[in-house]
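# Geometric and topological summary
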Amino acid sequence: MGEVKVIGSSKSLFCTRVEWALKLKGVEYEYLEEDLLNKSTLLLQHNPVHKKVPVLVHNNKPVAESLVILEYIDETWKHNSLLPEDPHERAMARFWAKFADEKCLMGAFMAFWKEGEEKEKAIESALESFTFLEKQIQGKKFFSGDDNIGYLDLVMGWIPLWLNVMEEVGGMKLDDPQKFPSLHEWAQNFNEIPLIKDCLPPRDELVNYFNFAVNYNRSTAAAKQ
Amino acid sequence: MAEVKLLGAWGSPFSRRVEMALKLKGVEYEYIEEDLGNKSPLLLKYNPIHKKVPVLLHNGKPIAESLVILEYIDETWKTNPILPDDPYDKAMARFWAKFLDDTCMPAIWQIMWSKENQREKAIEEAIQHLKTLENELKDKRFFGGETIGLVDIAANFIGFWLGAVQEASGMELVNKERFPVLCRWIDEYVNCSVVKQNLPPRDKLIAFLQSRFSASSWKY
């Protein structure tokens with residue numbers, strides 16, 4: 001089916017989504033690790049608009065934006081479907097993916113980055129969004145609605161590890177097993193899947209990465225003053 | 001194909017996107033106008049998370065978020081497809097629709113709501129994004145090729161609303177000197193029959209925008 005490359009960063013949750021999807025479909029690919037502080041000519045060539053990872057390169061044609069890449073993968077390699085067949089269910093999956101990225105993920109990032117009163121507000125807002133996720137996963141093993149993980153599970157896949165690390169480094173708690181028991185259970189089940197586990201970066205490396213990001217941000221902010 | 005309803009708002013580009021797609025495909029639907037200052041129990045029931053328009057109801061099942069709705073419409077009614085068949089071309093269309101909503105539009109709104117000392121920077125950023133968009137258009141008639149597609153429908157804000165915003169505020173972002181290709185597309189676009197039929201009355205929109213800008217004491 002042609003040559004597949006992934007331009008990515010092993011610490012990036014957006015890149016791991018893409019790897020999970022390719023592995024679920026049994027697609028062989030070459031992984032090209034990017035140094036995000038020193039972006040390669042290849043990345044700038046293949047994603048001139050955003051200059052970000054991940055970029056999937058299939059037969060030398062680049063696709064950027066992780067959710068766009070997931071759908072491309074699903075439509076190009078048709079076995080082991082990621083998205084459901086039924087148009088309404090597909091629409092629901094897309095709706096929840098958008099919600100999760102815009103409200104939950106961005107909410108968690110805000111709660112991670114902000115300090116003081118702004119942090120409290122950000123945490124409150126993120127918790128509200130997580131309440132909706134909890135309702136969505138109640139009574140289901142996976143967000144896909146059946147026994148196998150699907151598109152939406154991959155989109156939510158940052159929660160078990162990345163959120164956990166952000167909570168530790170950022171000093172906040174979002175994934176509370178008492179507030180969100182179903183979501184917590186989903187996270188345990190999801191992270192146990194061998195294919196999922198295999199693509200995760202080592203936890204201590206991720207902790208260092210987030211610590212570095214906080215310090216880097218603080219030093220550039222201080223330098224500006 | 002049974003019952004189709006649309007909860008929308010006359011001035012909302014997001015709502016009009018959905019109407020354009022339904023009309024393009026010849027889908028009969030019942031339109032329900034929402035008063036966004038006084039949201040109906042129906043809207044709150046069918047879009048409890050965002051409480052926004054548009055919401056499409058098909059056989060009683062609701063779908064929210066205009067781009068999600070557009071893809072649903074394309075998958076459900078196959079006449080006059082708005083997305084290409086080829087997975088790569090489809091991915092490109094989705095990429096540019098996302099670029100419009102996540103990057104272009106927020107940058108344009110940022111100009112409107114920014115403080116005076118931030119405005120120049122906001123304008124520069126919006127110009128940069130619009131140039132990126134214009135570059136994608138190149139010498140194509142529409143973003144979708146010979147006929148309008150998902151990206152053209154998603155770009156309705158640029159095609160029509162932006163002109164109204166410019167007139168209502170006095171801010172000039174898009175003009176023929178700066179964006180010759182984009183302006184050429186705008187001309188083709190607003191004269192396209194399915195687009196023409198799905199635009200709000202220009203004067204009414206300008207008046208509405210003017211009152212909103214003055215209510216927020218925003219001045220350009």
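Above: the structure in question.
This write-up is about the structure you can find in this document. What you are looking at is a predicted structure, and each value in this text was computed from that prediction instead of being measured.

## Some details on the overall build of chain A
When its secondary structure is counted, chain A shows 10 helices and 4 strands. Secondary structure of chain A in N-to-C order comes out as β-α-β-α-β-β-α-α-α-α-α-α-α-α. Rg of the C-alpha trace for chain A: 18 Å, near the compact-globule value of 17 Å for 225 residues, within the 12% margin. Judged by the C-alpha coordinates and their principal axes, chain A covers about 50 × 45 × 30 Å. With 225 residues in all, chain A has 52% of them scored as buried. When contacts within chain A are restricted to residue pairs at least 6 apart in sequence, those whose partners lie at least 24 apart make up 70%. Counting every atom, chain A has about 10,900 Å² of accessible surface; 49% of that belongs to carbon and sulfur.

## Quick look at the sheet that holds strand β1 (residues 4-8) of chain B
All names here are of chain B. In spatial order, the strands read β2-β1-β3-β4; together these 4 strands make up an open sheet with mixed pairing. In this open sheet, the two edge strands, each paired with only one partner strand, are β2 (30-33) and β4 (61-64). Recorded for the sheet is a direction-independent mean angle of 20° between the axes of neighbouring strands. In the sheet, β1 pairs with β2 via 4 bridges, with the strands oriented parallel. When the sheet's bridge partners are listed, L7 is paired in β2 with I32. The strands touched by helix α1 (residues 13-24) within the sheet are β1, β2 and β3 (55-58), with β1 carrying the most contacts at an inclination of about 155°.

## A short note on the packing of aromatic side chains
If you walk through the whole model with that rule in mind, you get 24 aromatic pairs over all chains. Relative to F99 of chain A, the ring of W96 of chain A lies with its centre 5.4 Å away and its plane at 80°, an arrangement referred to as edge-to-face. Separated by 3 residues within a single helix, W96 of chain A and F99 of chain A lie in helix α4 (residues 87-113), roughly one turn from each other. For the pair W96 of chain A and F99 of chain A, a shared accessibility class is recorded, and that class is buried. Cation over ring: K131 of chain B sits above F179 of chain B, and NZ or CZ is 4.6 Å from the ring centre. In this structure, K204 of chain B packs its charged tip against the face of W10 of chain B, placed 4.2 Å from the ring centre.

## Remarks on the sheet that holds strand β4 (residues 61-64) of chain A
All names here are of chain A. Taken in spatial order, the 4 strands make up an open sheet running β2-β1-β3-β4, and their pairing is mixed. In this open sheet, the two strands that pair with only one neighbour each are β2 (30-33) and β4. Strand-to-strand twist across the sheet, computed as the mean angle between neighbouring axes with direction ignored, equals 20°. Both strand β1 (residues 4-8) and strand β3 (residues 55-58) contribute to a ladder of 4 bridges, which runs antiparallel. Its bridge partner lying in β3, I7 is registered against V55.

## Re the packing of helix α1 (residues 13-24) of chain A against α4 of chain A
Residues and elements named next belong to chain A. Where α1 meets α4, the closest approach of the two axes is 14 Å, and the angle between their N-to-C directions is 135°. Relative to α4, the element α1 lies oblique. Residues L13, F14 and R17 of α1 touch α4, and the partners they reach there are D101, L105 and F109. For the contact of α1 with α4, a count of residues per class yields 4 nonpolar, no polar and 2 charged.

## Looking at the nonpolar core
Residue and element names in this part refer to chain B. Residues L130, L133, L173 and W185 are the most contacted members of the largest nonpolar core, which totals 80 residues. Among the elements that line this core, the one with the most residues is helix α4 (residues 87-113), at 12 residues. Not counting residues within four places of it along the chain, the set of residues in contact with L130 comprises C104, I108, I158, L173, V174, F179 and L182.

## A closer look at the pairing of β2 of chain A
All names here are of chain A. Bridge count for β1 against β2 is 4 bridges, and the pairing is parallel. Bridged to I7 within β2 is L32. Chirality of the crossover, the property in question, places the unit of β1, α1 and β2 among those that are right-handed.

## Here we look at the interface of chain A and chain B
Taken together, the contact between chain A and chain B spans 25 residues of the former and 25 residues of the latter. Carbon and sulfur atoms make up 70% of the surface buried where chain A meets chain B, a total of about 2,300 Å² over both sides. Viewed at the interface, chain B and chain A are joined by 7 salt bridges. The salt bridge partner of E75 of chain B is R90 of chain A, with a shortest N-O separation of 3.1 Å. Summed over the shared surface of chain A and chain B, the number is 9 residue pairs in polar contact (both at pLDDT 80 or more). At the level of secondary structure, the elements contributing two or more residues to the side of chain A that touches chain B comprise β4, α3 (66-76) and α4 of chain A. Looking at the side of chain A that touches chain B, the element that brings in the most residues is α4 of chain A, giving 12 residues.

## Focus on helix α7 (residues 158-170) of chain A
Residues and elements named next belong to chain A. With 13 residues, α7 extends just 16 Å between its outermost C-alpha atoms, more than 12% less than the 18 Å of an ideal straight helix rising 1.5 Å per residue. Burial within α7 is extensive, with 10 of its 13 residues counted as buried. If you check which residues of α7 are buried, you get W158, I159, P160, L161, W162, L163, V165, M166, E167 and G170. Backbone geometry just downstream of α7 places G171 in the positive-phi region, at approximately 65°.

## Some points on the side chain of E71 of chain A
By secondary structure assignment, the location of E71 of chain A is in helix α3. Residue class for E71 of chain A comes out buried when judged on its relative accessible area of 5%.

Calculation notes
- Residues numbered from 1 in each chain as written.
- Chains lettered and ligands numbered in written order.
- Predicted model: local features only at pLDDT ≥ 70, side-chain atom pairs only at ≥ 80, totals over all residues.
- Heavy atoms only, no water.
- Helix = DSSP H or I, 4+ residues; strand = E, 2+ residues; numbered from the N terminus.
- Rg over C-alpha atoms; globule rule 2.2 N^0.38 Å.
- Buried < 20%, exposed > 50% of the residue type's maximum accessible area, 1.4 Å probe, protein only.
- Contact = heavy atoms within 4.5 Å.
- Areas by Shrake-Rupley, 256 points an atom, 1.4 Å probe, with all protein chains shown as cover.
- Pairing = 2+ DSSP bridges.
- Axes fitted to C-alpha atoms, helices over the stretch in contact; angles between N-to-C directions.
- Phe/Tyr/Trp six-rings, centres within 6.5 Å; stacked < 30°, edge-to-face > 60°.
- Lys NZ or Arg CZ within 6 Å of the ring centre and 35° of its normal.
- Parallel < 35°, antiparallel > 145°, perpendicular 65-115°, else oblique.
- Nonpolar A, V, L, I, M, F, W, Y, C, P; charged D, E, K, R; others polar.
- Core = buried A, V, L, I, M, F, W, Y, C linked by side-chain atoms within 4.5 Å.
- Right-handed = clockwise from strand over helix to strand, strands pointing away.
- Buried area = accessible area lost by both parts, 1.4 Å probe.
- Salt bridge = Lys/Arg side-chain N within 4 Å of Asp/Glu carboxyl O.
- Polar contact = N/O pair within 3.5 Å; in protein donor to acceptor, adjacent residues only side chain to side chain.
- Expected span 1.5 Å × (residues − 1).

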